[in-house]
Amino acid sequence: MKQMSFLSLLFLSITSIINLSCKKDNNTDNGSGNTNTVPAVYLKIYGATSITSDGTFITIKTNGNPDHKSVYYPNGNALYETFSGTTFGGNTFTKNPNSIITQNYTFKIPLNPTVASTHAATPLGAMGVAVNGIPLYNQYAGPAQPLTNEVMSFDQYWGHPTATGRYHYHVEPLYLTTVKATKSSLMGFLLDGFPVYGPEENGAAVTNAMLDAYHGHTHATADYPNGIYHYHITNTDPYINGSGYYGTPGTVTQ
Ligand SMILES: [Zn+2]
Ligand SMILES: [Zn+2]
């Protein structure tokens, strides 16, 4: 009897240790500490290396390498492909001197975006993230400078790298709208957490005249059946965003 109790106690102790170990493993989320459920719509950001939620913000990490071919990959890279001829806007393609370099982006966007009382201007550099993990840039080449001299350097999928190797899109991401998804698909999110959709809706092109000053409008979408404010990409300036964020932007580190 006494021996049985000892064995029972030993068994219970071992079971407790195993349970504790398992519980610890289940609650550890690769060290980020963010264990909240990520809503399914954010999992459409297939180019992310990780997506986590702390219940207030969604944190998206990407390496900034496009998942499509580009003349801007270093010659020898599997995704390098030569390109010449006509690019965005009917311009003759003129390669810029830069090459794609792997980056380390962390986009932190509000989980429940709301309209802001004052609409912050979008920055030069990343103002959002496309579903393939590539940053979205605004309609300027420099402070209040149009993209006139930049569009001719857009590659076969209408992106190009900065001098620091940061590949980005200022206009329609052609790979996403024509190969990976469609012209009416979810294209990504701006830093304020509001989604960005492609240049068509219900089979027709979206024009700037159909959108507000920030380049969006509100109605139900496939991903948000209850309706949501969303930006649209159009084929004329300002392309993705108008005069600032509709909501309050989160942050990006690079
Ligand atoms: Zn650019
Ligand atoms: Zn719409």
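Residues numbered from 1 in each chain as written. Chains lettered and ligands numbered in written order. Predicted model: local features only at pLDDT ≥ 70, side-chain atom pairs only at ≥ 80, totals over all residues. Heavy atoms only, no water.

S.K.: Help me understand the overall build of the chain, please; the structure alone is not making it clear to me.
M.R.: For the chain, the count of helices and strands is 2 helices and 16 strands. When burial is assessed residue by residue, the chain has 47% of its 254 residues classed as buried. Across the chain, every contact between residues at least 6 apart in sequence was considered, and the portion connecting residues at least 24 apart equals 61%. Carbon together with sulfur atoms contributes 56% to the accessible area of the chain, which is approximately 12700 Å² in total. (Helix = DSSP H or I, 4+ residues; strand = E, 2+ residues; numbered from the N terminus. Buried < 20%, exposed > 50% of the residue type's maximum accessible area, 1.4 Å probe, protein only. Contact = heavy atoms within 4.5 Å. Areas by Shrake-Rupley, 256 points an atom, 1.4 Å probe, with all protein chains shown as cover.)

S.K.: Please explain the coordination of the zinc ion (ligand 1) as it appears in this structure.
M.R.: Each donor-metal-donor angle in an ideal tetrahedron of four donors is 109.5 degrees, and each such angle in an ideal octahedron of six donors is either 90 or 180 degrees. With distances of 2.0 to 2.6 Å, the protein atoms coordinating the zinc ion (ligand 1) are Glu150 (OE), His160 (NE2), His168 (NE2) and His170 (NE2). The coordination sphere of the zinc ion (ligand 1) comprises 4 donor atoms, whose angles at the metal cover 82 to 173 degrees; the geometry is irregular. All donors of the zinc ion (ligand 1) belong to a single chain; written as a sequence motif, their spacing is E-x9-H-x7-H-x1-H. Linking Glu150 in the loop between strand 7 (145-146) and strand 8 (159-161) with His160 in strand 8, this pair joins segments that are 10 residues apart in sequence. (Donors = N, O, S within 2.8 Å, 3.2 Å for Na, K, Ca; no water. Tetrahedral: all angles 85-135°; square planar, octahedral: opposite > 155°, others 65-115°.)

S.K.: I'm lost on the UniProt feature "domain: YHYH" (unreviewed entry) in the chain in this one. Help?
M.R.: Feature annotation in UniProt places "domain: YHYH" (unreviewed entry) on residues 106-200 and 207-241, given in this structure's numbering. From the first C-alpha to the last, residues 207-241 spans 13 Å; its make-up is 0% helix and 26% strand. (UniProt positions renumbered as here; feature names shortened; annotations may be inferred.)

S.K.: How do you make sense of the sheet that holds strand 3 (residues 105-110) when you look at a structure like this?
M.R.: Whether parallel or antiparallel, the strands of a sheet pair through hydrogen bonds between backbone atoms. In space, the 4 strands of this open sheet follow the order 1-2-3-16, with antiparallel pairing throughout. The sheet terminates laterally at strand 1 (50-53) and strand 16 (251-253), the two strands that pair on one side only. Here the average twist between neighbouring strands, direction ignored, is 15 degrees. Where strand 1 meets strand 2 (residues 57-62), 4 bridges bridge the pair, whose relative direction is antiparallel. Within strand 2, the residue paired with Thr52 across the bridge is Thr59. (Pairing = 2+ DSSP bridges. Axes fitted to C-alpha atoms, helices over the stretch in contact; angles between N-to-C directions.)

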